[in-house]
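Examining the three-dimensional arrangement
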Amino acid sequence: MTCPPIAIVGIGLHPFGRHAGVTGLEMGAHAVRFALRDAGLRWSDVQFAAGGSSSSGNADTMVADLGATGLPFLNVHNGCATGGSALVSVYNALTSGACDVGLVVGFDKHPRGAFTERPEDWSLPGWYGTAGLMVTTQFFGMKIRRYMHDHGIDPPLLAKVANKAFRNAEKNENAWRRQALSEEEILNARMVSDPLTQYMLCSPGEGGAALVLCRGEYLSRLPHARPIYLRSAVLRTRQPQSFDVYSPALGIELSPSPSVAAARAAFERAGVGPSEIDIAQVQDTESGAELIHLAECGLCEDGEQTELYRRGATEIGGDLPVNTDGGCIANGEPIGASGLRQIYETVLQLRGDAGDRQVPNKPITGFTHVYGAPGVSACVVLAR
Amino acid sequence: MSESPLDFSSGSARLVGGRCAACSAVIFPLRKRCVVCASTEVSRALLPGCGTLWTYTVQRFMPPSPPYAACTPETFSEFGVGYVELDGVVRVESRLFGDPETFYIGMELKLVTLDLGGEPQYAFAPLDAVGLS
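No experiment lies behind these values; they were computed from the predicted model shown.

**So, the packing of helix α6 (residues 155–170) of chain A against helix α9 (residues 287–296) of chain A**
All names here are of chain A. As a packed pair, α6 and α9 sit with axes 8 Å apart at the nearest point and diverge in direction by 95 degrees. Here α6 lies roughly perpendicular to α9, going by the angle between them. Residue-level contacts link L157, L158, V161, A162 and K164 of α6 to S287, G288, E290 and L291 of α9. Classifying every residue of the contact of α6 with α9 by side-chain character gives 5 nonpolar, 2 polar and 2 charged.

**Comments concerning the domain arrangement of chain A**
All names here are of chain A. Per the domain assignment, the segments making up chain A are domain 1 (6–112 + 206–230) and domain 2 (136–199 + 233–383). For domain 1 and domain 2, the distance between their C-alpha centres works out to 23 Å. Domain 1 puts 40 residues into the contact, and the matching count from domain 2 is 31 residues. Approximately 2,900 Å² of surface area, both sides summed, lies buried where domain 1 meets domain 2, with 71% of it carried by carbon and sulfur atoms. Considering only the side of domain 1, the residues that lose the most area to domain 2 are F16, C80 and I228, jointly responsible for 25% of the buried surface there. For the interface between domain 1 and domain 2, the tally reads 2 salt bridges. One can count 6 residue pairs in polar contact (both at pLDDT 80 or more) joining domain 1 with domain 2. Where the side of domain 1 that touches domain 2 is concerned, the elements lending two or more residues are β1 (6–17), α3 (82–95), β4 (101–109), β7 (206–215) and β8 (228–237). Grouping the constituent residues of the side of domain 1 that touches domain 2 by class yields 19 nonpolar, 16 polar and 5 charged.

**With respect to the nonpolar core**
With 90 residues, the main nonpolar core has I277, L299 and F367 of chain A together with L15, Y122 and F124 of chain B as its most contacted residues. When residues in this core are grouped by element, the largest group, 8 residues, is from α6 of chain A. Apart from the residues lying within four places of it in its own chain, the contact partners of L15 of chain B are P5, L6, F28, A45, L46, L47, V92, L111, Y122 and F124 of chain B. Listed in part, the 35 residues of the second largest apolar core include A50, L87, L230 and V380 of chain A.

**Section: the layout of surface pockets**
The computed volume of the second largest pocket comes to approximately 500 Å³. Taken together, 24 residues form the lining of the second largest pocket, with R238, Y246, S247 and P248 of chain A together with V35 of chain B sitting closest to its centre. For the lining of the second largest pocket, the elements supplying multiple residues, two or more each, are β9 (249–250) of chain A together with β3 (26–27) of chain B. Counted by class, the lining of the second largest pocket contains 17 nonpolar, 5 polar and 2 charged residues.

**Some thoughts on the pattern of salt bridges**
One side chain can pair with another of opposite charge once the charged atoms of both are near each other. Under the counting rule described, the total for this entry stands at 23 salt bridges over all chains. The shortest N-O distance in the salt bridge between E290 of chain A and K164 of chain A comes to 2.9 Å. With E290 of chain A in helix α9 and K164 of chain A in helix α6, this pair connects stretches of sequence that are 126 residues apart. The same class applies to E290 of chain A and to K164 of chain A, which are both buried. In this structure, the salt-bridge partner of R91 of chain B is E85 of chain B, at a minimum N-O distance of 2.9 Å. Take R91 of chain B: its relative accessible area is 7%, and that puts it in the buried class. Within this structure, D194 of chain A together with R60, E78 and E101 of chain B form a network of salt bridges that share partners.

**Details of the packing of aromatic side chains**
What describes a pair of aromatic rings is the distance from one ring centre to the other and the angle between the planes of the rings. Counted under the stated rule, the structure contains 15 aromatic pairs over all chains. On the numbers, 6.3 Å between centres and 50 degrees between planes, the contact of W43 of chain A with F73 of chain A is tilted. In this pair, W43 of chain A is assigned in the loop between α1 (24–39) and β2 (48–52) and F73 of chain A in strand β3 (residues 73–75), connecting sequence segments 30 residues apart. Comparing W43 of chain A with F73 of chain A shows no difference in burial state: the two are buried. Ring geometry for W122 of chain A versus Y246 of chain A: centroids 5.1 Å apart, planes at 70 degrees, classification edge-to-face. In this pair, W122 of chain A sits in the loop between β4 and α4 (126–130) while Y246 of chain A sits in the loop between β8 and β9, placing the two residues 124 residues apart along the sequence. Judged by relative accessible area, which is 22%, W122 of chain A ranks as partly exposed. Taken together, F139, F140, F243 and Y371 of chain A together with W54 and Y83 of chain B form an aromatic cluster joined through their ring pairs. Above the face of the Y56 of chain B ring, R145 of chain A is positioned so that its terminal group lies 3.8 Å from the ring centre. Over the ring of W176 of chain A we find R177 of chain A, and its NZ or CZ is 4.0 Å from the ring centre.

**So, the environment of Y128 of chain A**
With respect to the helices and strands, the residue Y128 of chain A is situated in helix α4. When the C-alpha positions of Y128 of chain A and T237 of chain A are compared, they lie 22 Å apart, and in sequence the two are 109 residues distant. With near-sequence residues (within four places) excluded, Y128 of chain A lies in contact with L133, M134, Y246, S247 and P248 of chain A together with E93 of chain B.

Conventions used here
Residues numbered from 1 in each chain as written. Chains lettered and ligands numbered in written order. Predicted model: local features only at pLDDT ≥ 70, side-chain atom pairs only at ≥ 80, totals over all residues. Heavy atoms only, no water. Axes fitted to C-alpha atoms, helices over the stretch in contact; angles between N-to-C directions. Helix = DSSP H or I, 4+ residues; strand = E, 2+ residues; numbered from the N terminus. Parallel < 35°, antiparallel > 145°, perpendicular 65-115°, else oblique. Contact = heavy atoms within 4.5 Å. Nonpolar A, V, L, I, M, F, W, Y, C, P; charged D, E, K, R; others polar. Domains from an automatic or database assignment. Buried area = accessible area lost by both parts, 1.4 Å probe. Salt bridge = Lys/Arg side-chain N within 4 Å of Asp/Glu carboxyl O. Polar contact = N/O pair within 3.5 Å; in protein donor to acceptor, adjacent residues only side chain to side chain. Core = buried A, V, L, I, M, F, W, Y, C linked by side-chain atoms within 4.5 Å. Buried < 20%, exposed > 50% of the residue type's maximum accessible area, 1.4 Å probe, protein only. 1 Å grid on protein atoms, 1.4 Å probe; cavity = no way out; pocket = protein on both sides within 12 Å on 5 of 7 lines; lining within 4 Å. Points joined across faces, edges and corners; volume = space filled by probe spheres on them. Phe/Tyr/Trp six-rings, centres within 6.5 Å; stacked < 30°, edge-to-face > 60°. Lys NZ or Arg CZ within 6 Å of the ring centre and 35° of its normal.

What follows is the structure, given as structure tokens:
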């Protein structure tokens, strides 16, 4: 399938963390203004927008802050894939020729502590919540426990992943947790959902991110743009009998995770293979998820992770830098914003604008991946 | 969807699942349509009462309540959660009864009931756990 080139010409971010007195919608609008300024465009130039949050309001109401231009503005509410789903919507609108300039925005502002969900909203019986099973961290603990058992991974590697996240975040002025922690501190911290300790898991947080995209032909009207091309954007949901969040039962023969299907389709549409990727941002809800998702997305083999991290391959100066801005572990998880934060970081890196954390040797291709409940994944391939 | 996952008709507790005549999947919990193929040909099936631990974690903090059973930080105590493989037919997510430090993958477990107030809940416990049914 040949699609017309679609370029990302503007990126904007509201710093992640805790921001008393600032609403999620305000953080989203802040990111939009920065993305427009970066693109050299005005809000009135945007012909189609899509965006959303998990728990911080309707994206289209931010026209109160940006201007009621009458544009079509789609509200997206799709869990951890909210940003990715909004991006797919805008991407499809652009490739179809329905518009020339589109905008994507994601934001959230979650209170402290675990996410609170009603089983009935997830097609689950009430007893599932009463019994204490409606907790996302349990899934991540159980999935990595089995993965470590099957592929010979030891707990110190989980600490190594989180240690890298905090070291990368030290060099990111927009990150939330910017203090480096030793592998010992991470490994010996309070256990939250075994084998995951407090510092291996991301925390619900706050932030916003936005992107301005246009069709290739439109670039002639943006002489100062430094386009990064969106080669593919793919969304997938789970298959039967898969091992996903909030699953009361699993099959004996497990279906592959939706991340496998989304990544495969994203690479195929982009005409780029996993081995050609120069920089990757993958969903690191916790340390183990980063390890598993690298394999599920085809960026490494199952069990290869120990050696990959030992030789520093996933470091900023390595063969395959991973989560270069500190990922969810150091940025926190404002659900609606995380997927677009990954793309913001990748565009920054591909432009060569990432400052102290710039990946050397002028990376050409980037990959991003999100995963969340109840088994949804969005993957994106980008290139200069 | 609010039906209890437990059946006591034989005198002892059994888990209630379903068997799909269209795709032969064994599902849990029982529901009108098969979660694998969406067929309505799902019949009620009692699941095996013993199994082995496939993976597990420990819930170290109090889950948000509700939906968790009425609880306060003072009355909360940590509990194990795992997937228990039942006779090679299905893996069921369950609370685990017993000391989490003694759990291991492959451990043999049996179905027990758990009182959290309200309807009885199910859990799996080590085979040698006593005083449980």
